[in-house]
Structure formats: C-alpha cells, structure tokens
Amino acid sequence: MALLAALVAPLAELLSAATRVTVLTGAGVSAASGVPTFRGAGGLWKQHRPESLTTAEAFARDPALAWEWYAWRRSTIAACRPNRAHEVISGWSRHYADFTLITQNVDGLHEAAGTRRVVRMHGSLWELQCSDRCAAAPARWEDRRADFVELPPRCPHCDGLVRPGVVWFGESLDTEVMKQCEAALDCDLFLTIGTSSVVYPAASLAPEAKRRGAYTVEINPEAPPASATLDLAIQAPAEVALDALDRSARAS
Ligand code: OAD
C-alpha cells in the first residue's frame, strides 16, 4: 500500500494539471465486476480459447458453438455491475473537457457507469447484426436478451443467421472509430488499464501516444511486456489503483 501511494501521488499531480486525458481499457478493468478476462485464469470456456471462437471462420464452421459462448458471456455480464475503476473513469469523463475513453471491452460497463465519450474499438456484445448483411436490416441493432430460445438467433428481416455486433479477429475496425482513436492520441496523459496489450491495433496506441509526447501510464496487476516501454507502470488491480489515484487527486 505504501508503494502504491508513492506511485500514485505524483501521478495525481499530473492528472490535476492535465487538460487532455485519454484512457484505454481492456478486460482487466471489468475483472472486479465478475467479467471473465480473455487470457489468463478463467480465460478458457469449455476448453476453447476465445481466439478460436471469435473469427468469421469459427462462426461459419459452427455458429451454434460460437453463439453458445456469446450467450454465456451475455448472461454472465448481464448480472455484472460497474466497479470502482469504471466509476473513477466516468468521473474523469465529466471532469475533463478534453477526455476520451477508448475501450476494447464489449461488455457495456463503462456506459453503465455513465462514462462520456466512449470509443468502442471492438463493438458491443449488446448489439447484433445480420451475418448476411441483408439490405432490409440495419447495420447493427440493440438486443439485450440474455436468454435466447433459439441459437443462433435469426435475422428478423431475412431469417439468415444473426451474429454479435463485435469485431472478430481478422476483421477491420470501423474507420470512424479509428479516426477517433487517432485524434485521442494527442493528449497530456495516456493511461492504459487492464489490457494484456497483445491485440492490435489497440496495443499500438500507448506507444504512439508516447511518441507524440504524452506521459504514458499502465495499470495492471501483472506486468505485460509492453509496460517496459511506457513512462510508469503501476502493478495493481485497476479498482484499487484508480480509487487511490482519485482520492489523491481530490486531496491535492
Ligand atoms: P486480456 O484477457 O488479454 O487481458 C486482461 C488483462 O487484464 C491481463 O493483462 C491481466 O493481467 C489484467 N487484469 C486482470 N485483473 C485485473 C484488474 N483487476 N485490474 C487491472 N488489470 C487486470 O484482455 P484484453 O487485453 O482486453 O478482442 O484483450 C484484448 C482483446 O482480445 C479483447 O478485446 C478481445 C480479445 O480477444 C476481441 O474480441 C476482438
């Protein structure tokens, strides 16, 4: 705790002085809410690695299996609530006029915490799209059901298969989303929180923000290899570190 306080105090001062703040989050920020991360303990589902379920090929091969995994994630996450880390980030989003939250998470917990200016790199678990991209269906639509009668669900317009509105491995990210990420790299402070930093392009954002002059910080109880390239690594759970940081910033 004393070590955490020593790391957090100077960072709290930087936060107080900053005007442009960008935060990038990954699955670890939702771990304390009970959302399983993709890698590490709890990352396996029925012996399948997430990477083997989250591709267009996996969906084409066995849509029911892919959907079973998403249905499990939807029902698990439907019972989860934002934790202290989401709350602190939400507070920052209202405090700074120039703030962007870029998230790789599809769980919707940042939005549930009331965070403003959320850029969702990988889409949303709570949106669906027609896998045939039929002309009658909107590009994506919201559907928050946790239980489906039939898996995979069917497109209400063409009766084709419906897929989750998330970005799969091998698919391009939305160009508008990438523009927003790009614009947010010009900032005073860039915090990367709860991500293993192995999936691109998200993993390239913190190094690029640093190259452009931002002070870069990582918060993660493990020390992913990317940590070494940033200005400060705080090895602690997000909900603990952000709580300490918020308290310290308020006190200074
Ligand atoms: P990962 O599961 O790869 O990494 C989660 C990270 O969170 C790990 O580095 C953990 O050490 C860290 N962690 C665990 N508990 C934490 C806590 N309480 N506080 C802070 N950190 C904690 O998740 P991502 O990096 O988000 O992509 O994965 C990136 C992408 O890979 C995901 O968006 C998803 C996945 O396949 C798509 O679905 C396209």
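Now for a description of the structure that goes with this document. (Residues numbered from 1 in each chain as written. Predicted model: local features only at pLDDT ≥ 70, side-chain atom pairs only at ≥ 80, totals over all residues. Heavy atoms only, no water.)

Comments concerning the packing of helix α4 (residues 84-95) against helix α8 (residues 238-251)
Alright, step 1. α8 packs onto α4 with a crossing angle of 40° between their chain directions and a minimal axis gap of 7 Å. Our classification of the angle between α4 and α8 gives oblique. Crossing handedness for the pair α4 and α8: left-handed. Between α4 and α8, the contacting residues are Arg84, Ala85, Val88, Ile89 and Trp92 on the first element and Ala238, Glu239, Leu242, Asp243, Leu245 and Asp246 on the second.
Alright, step 2. Tallied by class, the residues present in the contact of α4 with α8 amount to seven nonpolar, no polar and four charged. (Axes fitted to C-alpha atoms, helices over the stretch in contact; angles between N-to-C directions. Helix = DSSP H or I, 4+ residues; strand = E, 2+ residues; numbered from the N terminus. Parallel < 35°, antiparallel > 145°, perpendicular 65-115°, else oblique. Left-handed = near helix turned anticlockwise from the far one by under 90°. Contact = heavy atoms within 4.5 Å. Nonpolar A, V, L, I, M, F, W, Y, C, P; charged D, E, K, R; others polar.)

A few points about the sheet that holds strand β7 (residues 189-193)
Alright, step 1. Ordered by their spatial adjacency, six strands build an open sheet running β3-β2-β1-β7-β8-β9, and the pairing between neighbours is parallel. Only two strands of the sheet have a single partner each, and these edge strands are β3 (118-120) and β9 (232-234). When strand polarity is set aside, the average angle formed by the axes of neighbouring strands in this sheet is 20°.
Alright, step 2. Sheet topology places strand β1 (residues 20-25) next to β7; five bridges connect them, and they run parallel. If you follow Thr25 over to β7, its bridge partner there is Ile193.
Alright, step 3. In the packing of α4 onto the sheet, the strands contacted are β1, β2 (98-103) and β7, and the crossing angle to β2 comes to about 145°.
Alright, step 4. Against the sheet, helix α6 (residues 175-184) touches β1, β2 and β3, its axis set at about 130° to β3. (Pairing = 2+ DSSP bridges.)

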